[in-house]
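Observations on the three-dimensional arrangement
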Amino acid sequence: EIFAKDLEMFARHAKRSTVTTEDVKLLSRRSNSLLKYITQKSEELASSNMEQKEKKKKKSSVAKGERTPGEQEAAVTENEDSNMA
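What comes next concerns the included structure. (Residues numbered from 1 in each chain as written. Predicted model: local features only at pLDDT ≥ 70, side-chain atom pairs only at ≥ 80, totals over all residues. Heavy atoms only, no water.)

1. With respect to the overall build of the chain
Helix and strand counts for the chain come out as four helices and zero strands. Along the chain, helices and strands appear, N-terminal first, in the series α-α-α-α. Looking at the chain residue by residue over its 85 residues, the buried ones come to 9%. (Helix = DSSP H or I, 4+ residues; strand = E, 2+ residues; numbered from the N terminus. Buried < 20%, exposed > 50% of the residue type's maximum accessible area, 1.4 Å probe, protein only.)

Laid out in structure tokens, this is it:
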């Protein structure tokens, strides 16, 4: 209960209504091992979220018929080759 109140106060002090991972890190700063664990998990989640966004972006562009960067480069190379002939 005390942790929840502290987290709420950290967010309120920062003029936010949402508790963030930074608030949790601030709360755990006195325990080095807990802070290290929370930081590691936070980084893993951020990395995972970035990968999911990239996959979603690729699916979206493929569904729209857009080319991926690799396909665009191949098309440019093909076009350049045909112009040289």
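We are not done yet, so read on.
2. Remarks on the side chain of Ser-42
Residue position: Ser-42 is located in helix α3 (residues 32-63). A relative accessible area of 16% means that Ser-42 is categorised as buried. Setting aside its immediate chain neighbours within four residues, Ser-42 contacts Thr-21 and Lys-25. (Contact = heavy atoms within 4.5 Å.)

3. A look at α3
Here α3 contains 32 residues, and its C-alpha end-to-end distance of 46 Å stays within 8% of the 46 Å for a straight helix at 1.5 Å per residue. Those residues of α3 that fall on the buried side of the exposure criterion are Ile-38, Ser-42 and Ser-61. Residues of α3 that are buried make contact with α2 (21-27). (Expected span 1.5 Å × (residues − 1).)

4. Topic: the side chain of Lys-25
For Lys-25, the position within the fold is in helix α2. Of the residues examined, Lys-25 reaches a relative accessible area of 16% and is grouped as buried.

5. Regarding the pattern of salt bridges
Applying the stated criterion across every chain, the model contains five salt bridges. The closest approach of N and O atoms between Arg-16 and Asp-23, which form a salt bridge, is 2.9 Å. A residue is classified by how much of its surface remains accessible, and Arg-16, at 32% relative accessible area, is partly exposed. By relative accessible area, Asp-23 is classed as buried at 4%. Its salt-bridge partner being Glu-22, residue Lys-25 comes within 3.3 Å of it at the nearest N-O pair. Here Glu-22 and Lys-25 lie together in helix α2, a separation of three residues that amounts to about one turn. (Salt bridge = Lys/Arg side-chain N within 4 Å of Asp/Glu carboxyl O.)

6. Some remarks on unusual backbone geometry
Positive phi is not limited to glycine here, since Lys-15 has a value of about 60°. Among the structural elements, Lys-15 can be located in the loop between α1 (2-13) and α2. Residue classification places Lys-15 among the exposed residues on the basis of a relative accessible area of 76%.

7. As for α1
The end-to-end C-alpha distance of α1 is 16 Å, a good match for the 16 Å that 12 residues give at a rise of 1.5 Å each. Once α1 ends, the next one or two residues include Lys-15, with phi positive near 60°.

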